Amino acid sequence: VQLQASGGGLAQAGGSLRLSCVGSGRIFSSYGMGWFRQAPGKEREFVGGITWSGGITKYADSVKGRFTISRDNAKNTVYLQMNSLKPEDTAVYYCAADSVPFRPPLNQGYAYWGQGTQVTVSS
């Protein structure tokens, strides 16, 4: 399984970015996907997750109401739409694929990881 994340960059506080993650190597539509982030000097944290069908999403409290996860299984792609960005959103963002098919979105248990994309939010 390979995951390729893209879309990171520099944004001003209050701005928006959309991250994409393209998957390959297995039946993408059978597995939940997650987004995580890691800021300098901090542990990696769960941002949000989405079920295999896209019908259920789960978010960390820190991003709830600002970030939206969606997926297009026809394109083997999951998205993270980030609005109302804050400087504290600055981090390397990673997409991840669940290790077990057809599970609700969880904040752990992901077996496959993308390479990360840098998001920097200036004040």
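A disulfide bridge is the covalent bond that connects two cysteines by way of their sulfur atoms. All chains considered together, the criterion is met by one disulfide. The disulfide partner of C21 is C95, and the gap between their sulfur atoms is 2.1 Å. Handedness of the C21-C95 disulfide follows from its S-S torsion of about 60 degrees: it is right-handed. Placement of the pair is C21 in strand β3 (residues 17–24) and C95 in strand β9 (residues 91–101), with a sequence separation of 74 residues.

Our focus in this paragraph is the pattern of salt bridges. A pair can form between side chains of opposite charge whenever their charged atoms are brought close. Evaluated as defined, the whole model comprises five salt bridges. Where salt bridges share partners, they join R37, E45, R66 and D89 into one cluster.

To continue, consider the nonpolar core. Within the largest apolar cluster, 27 residues are counted, with the highest numbers of intra-cluster contacts made by M33, W35, F67, V78, L80, M82 and Y93. Of all the secondary structure elements, the ones that give two or more residues to this core are β1 (2–6), β3, β4 (31–38), β5 (45–50), β7 (67–72), β8 (77–82), β9 and β11 (117–122). With four residues, the single largest contributor to this core is β9. When sequence neighbours within four positions are dropped, the list of residues in contact with L80 reads L17, R18, L19, W35, V47, F67, T68, I69 and Y93.

Moving on: the packing of aromatic side chains. Enumeration over the complete set of coordinates arrives at five aromatic pairs. Here the aromatic rings of F36 and Y110 are separated by 5.3 Å at their centres, their planes lie at 80 degrees, and the arrangement is edge-to-face. Note that F36 is positioned in strand β4 and Y110 in strand β10 (residues 110–113), a separation of 74 residues in sequence. One exposure class covers both F36 and Y110, and it is buried. Members of the aromatic cluster, each reached through a chain of ring pairs, are F36, F46, Y110 and W113. Seen from the ring of F36, R44 lies directly overhead, with NZ or CZ sitting 5.9 Å from the centre. Lying over the aromatic face of W113, R44 brings its terminal NZ or CZ to 3.8 Å of the ring centre.

Procedures and definitions
Residues numbered from 1 in each chain as written. Predicted model: local features only at pLDDT ≥ 70, side-chain atom pairs only at ≥ 80, totals over all residues. Heavy atoms only, no water. Disulfide = S-S within 2.5 Å. Helix = DSSP H or I, 4+ residues; strand = E, 2+ residues; numbered from the N terminus. Salt bridge = Lys/Arg side-chain N within 4 Å of Asp/Glu carboxyl O. Core = buried A, V, L, I, M, F, W, Y, C linked by side-chain atoms within 4.5 Å. Buried < 20%, exposed > 50% of the residue type's maximum accessible area, 1.4 Å probe, protein only. Contact = heavy atoms within 4.5 Å. Phe/Tyr/Trp six-rings, centres within 6.5 Å; stacked < 30°, edge-to-face > 60°. Lys NZ or Arg CZ within 6 Å of the ring centre and 35° of its normal.

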